[in-house]
Amino acid sequence: MSQKPDSIEADRGPLQRFLEDLHRKYQPLCEGHLANYIPELAKANPDWFAICVITVDGQVYTVGDFEQLFTIQSISKGFVYGLALEDHGRDAVLSKVGVEPTGDAFNAIVLDEHSKRPYNPMVNAGAIATTSLLKGVGPTERLNRMLDMFRCYVGHDVVIDISVFMSERTTGFRNRAMAYLMRNFGMIDERIDEALDLYFQQCSLMVDCRDLAVMAATLANRGINPITQERAVQPCYVRDILTVMYSCGMYNFAGEWAYKVGLPAKSGVCGGIIAVVPNQMGIGVFSPLLDGRGNSVRGVRVCEDLSTRLGLHLFDCQTSLLNLTS
Ligand code: GLU
């Protein structure tokens, strides 16, 4: 097994101090609830809280419980979308999965009325359809290709939490219903159980907050992991991943997030959030207490403060970037 690579651990500087201030500011914020649709997620410690920023030149800034492992859940969706794009190209993937934001819940059993496609790759229906597109001879090869893709993003071998996978698999009736509905309309092929297993496996992948940041930093760095220099995705598809993250990545908070934070992002019921500052840095935040829309309460607040303080909003033409990383 490959080990986590060494990285340039940055000297304490203004950005490190700012992250520590944010951690101190929001640690006492105890609003929200733990995800409880499977017992494993409800076992999370509500105090867990980590922030990590990794720049495209490989500087790593961490604070809090950044080595605490958790399952990636929906944060996996954009990355698997990238692999499906590499396997089939934009047009073929678009014929099976749309790119329209939806005001419906992430697990709604609904398809686009006219095209019968799931609305986008960030809702469960779209993610299952995306996963079903992955190439490979048999389920093992498809799983290994997916794990290898995640290995490139995080820079070390990845493993699946088997008890989370088994729980997702035995209780995921809505996901199963969606898969059958999509099969009815020809959006996925006959290997329904296999596609669902792969989807549950991708959700059950174990990561820590530093992994989230390096995954985000890899997207910020045109698909090249800034620590290992390994390419995780072809650069031409980074814009597609970031576009759907921007418009659909934060559940039914995506519009307000785009307005306030202004960065492509994805969150998951694990309490993780990734945000990408193209050509600059990746941000990972982990704190399992969720708000009513399923986003980490502390995570959203940290990203709002980071965006405001560092002038990160993509469309902000007034704030000159405050360079805290030098
Ligand atoms: N495994 C979860 C599901 O499919 C993912 C939930 C999420 O993070 O949004 O329901």
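Our structure's up above, just so we're on the same page.
A few points on the structure.

Conventions used here
Residues numbered from 1 in each chain as written. Predicted model: local features only at pLDDT ≥ 70, side-chain atom pairs only at ≥ 80, totals over all residues. Heavy atoms only, no water. Helix = DSSP H or I, 4+ residues; strand = E, 2+ residues; numbered from the N terminus. Rg over C-alpha atoms; globule rule 2.2 N^0.38 Å. Buried < 20%, exposed > 50% of the residue type's maximum accessible area, 1.4 Å probe, protein only. Contact = heavy atoms within 4.5 Å. Near = heavy atom within 4 Å. Polar contact = N/O pair within 3.5 Å; in protein donor to acceptor, adjacent residues only side chain to side chain. Areas by Shrake-Rupley, 256 points an atom, 1.4 Å probe, with all protein chains shown as cover. Nonpolar A, V, L, I, M, F, W, Y, C, P; charged D, E, K, R; others polar. Pairing = 2+ DSSP bridges. Expected span 1.5 Å × (residues − 1). Phe/Tyr/Trp six-rings, centres within 6.5 Å; stacked < 30°, edge-to-face > 60°. Lys NZ or Arg CZ within 6 Å of the ring centre and 35° of its normal. Salt bridge = Lys/Arg side-chain N within 4 Å of Asp/Glu carboxyl O.

**Some remarks on the overall build of the protein chain**
Phase 1 of the analysis: Helix and strand counts for the protein chain stand at 13 helices and eight strands.
Phase 2 of the analysis: The C-alpha atoms of the protein chain give a radius of gyration of 18 Å, which matches the 20 Å a tight globule of 326 residues would have.
Phase 3 of the analysis: Along the three orthogonal principal directions, the C-alpha set of the protein chain runs to about 55 × 45 × 40 Å.
Phase 4 of the analysis: Out of the 326 residues in the protein chain, the part that is buried amounts to 58%.
Phase 5 of the analysis: Taking the intrachain contacts of the protein chain between residues at least 6 apart in sequence as the baseline, contacts between residues at least 24 apart amount to 69%.

**Here's the deal with the site of the ligand**
Phase 1 of the analysis: Near the ligand, the surroundings consist of Y37, Q73, S74, F106, N124, E168, N175, Y199, C203, Y251, G268 and V269.
Phase 2 of the analysis: A distance of 2.7 Å separates an oxygen atom of the ligand from a polar side-chain atom of Y199.
Phase 3 of the analysis: Within the side chain of Y251, an N or O atom sits 2.5 Å from an oxygen atom of the ligand.
Phase 4 of the analysis: About the coverage of the ligand: the protein hides 95% of its 300 Å² of free accessible area.
Phase 5 of the analysis: Of the residues belonging to the shell around the ligand, the class tally is six nonpolar, five polar and one charged.

**Let's talk about the pairing of strand 8 (residues 281-286)**
Phase 1 of the analysis: Where burial is concerned, most of strand 8 is hidden: six out of the six residues are buried.
Phase 2 of the analysis: Neither face of strand 8 is exposed, since M281, I283 and V285 on one face and G282, G284 and F286 on the opposite face are all buried.
Phase 3 of the analysis: Direction of pairing for strand 2 (residues 50-55) relative to strand 8: antiparallel, over a ladder of six bridges. Each bridged residue has a counterpart across the sheet, and for T55 the counterpart in strand 8 is M281.

**Some words on unusual backbone geometry**
It is generally the case that most residues other than glycine have a negative phi and that most peptide bonds are trans.
Phase 1 of the analysis: A positive phi angle, close to 65°, is found at K116, a residue other than glycine.
Phase 2 of the analysis: Along the polypeptide, K116 turns up in the loop between helix 4 (90-94) and helix 5 (124-132).
Phase 3 of the analysis: Here the phi dihedral of N279 falls at roughly 65°; this positive angle occurs in a residue that is not glycine.
Phase 4 of the analysis: Note that N279 resides in the loop between strand 7 (272-277) and strand 8.

**Focus on helix 10 (residues 209-220)**
Phase 1 of the analysis: The end-to-end C-alpha separation of helix 10 is 16 Å, in line with the 16 Å expected for twelve residues at 1.5 Å each.
Phase 2 of the analysis: Burial of helix 10 is extensive: twelve of the twelve residues sit out of reach of the surface.
Phase 3 of the analysis: Within helix 10 the residues assigned to the buried category are C209, R210, D211, L212, A213, V214, M215, A216, A217, T218, L219 and A220.
Phase 4 of the analysis: The N-cap residue of helix 10 is D208: its side-chain oxygen and the backbone nitrogen of R210 are 3.1 Å apart.

**Section: the packing of aromatic side chains**
Phase 1 of the analysis: Overall, the coordinates contain seven aromatic pairs when judged by the stated rule.
Phase 2 of the analysis: Grouping aromatic residues by their ring pairs yields a cluster made of W48, F70 and F286.
Phase 3 of the analysis: The ring of Y251 has K266 lying over it, and the distance from NZ or CZ to the ring centre is 4.5 Å.
Phase 4 of the analysis: The residue whose ring lies beneath R309 is F18, and the NZ or CZ to ring-centre distance is 5.7 Å.

**Digging into the side chain of Q73**
Phase 1 of the analysis: Considering the arrangement of structural elements, one finds Q73 in the loop between strand 4 (70-71) and helix 3 (77-88).
Phase 2 of the analysis: For Q73, a relative accessible area of 3% puts it in the buried group.
Phase 3 of the analysis: Looking at Q73, its side chain comes within polar contact range of the side chain of T71, at 3.2 Å.
Phase 4 of the analysis: Here the side chain of Q73 touches E168 through a polar contact of 3.0 Å, side chain to side chain.

**A look at the pattern of salt bridges**
Phase 1 of the analysis: Scanning all chains against the criterion turns up twelve salt bridges.
Phase 2 of the analysis: Between R169 and D197 there is a salt bridge, with its nearest N and O atoms 2.8 Å apart. Taken together, the residues R169 in helix 7 (residues 162-171) and D197 in helix 9 (residues 192-203) connect sequence positions 28 residues apart.
Phase 3 of the analysis: D197 sits in the buried class, given a relative accessible area of 18%.
Phase 4 of the analysis: When the shortest N-O distance is used, the salt bridge between R191 and D189 registers 2.6 Å.
Phase 5 of the analysis: What you see here is one network of salt bridges that share partners, running through R90, R239 and D240.

This is a description of form; function is not addressed.
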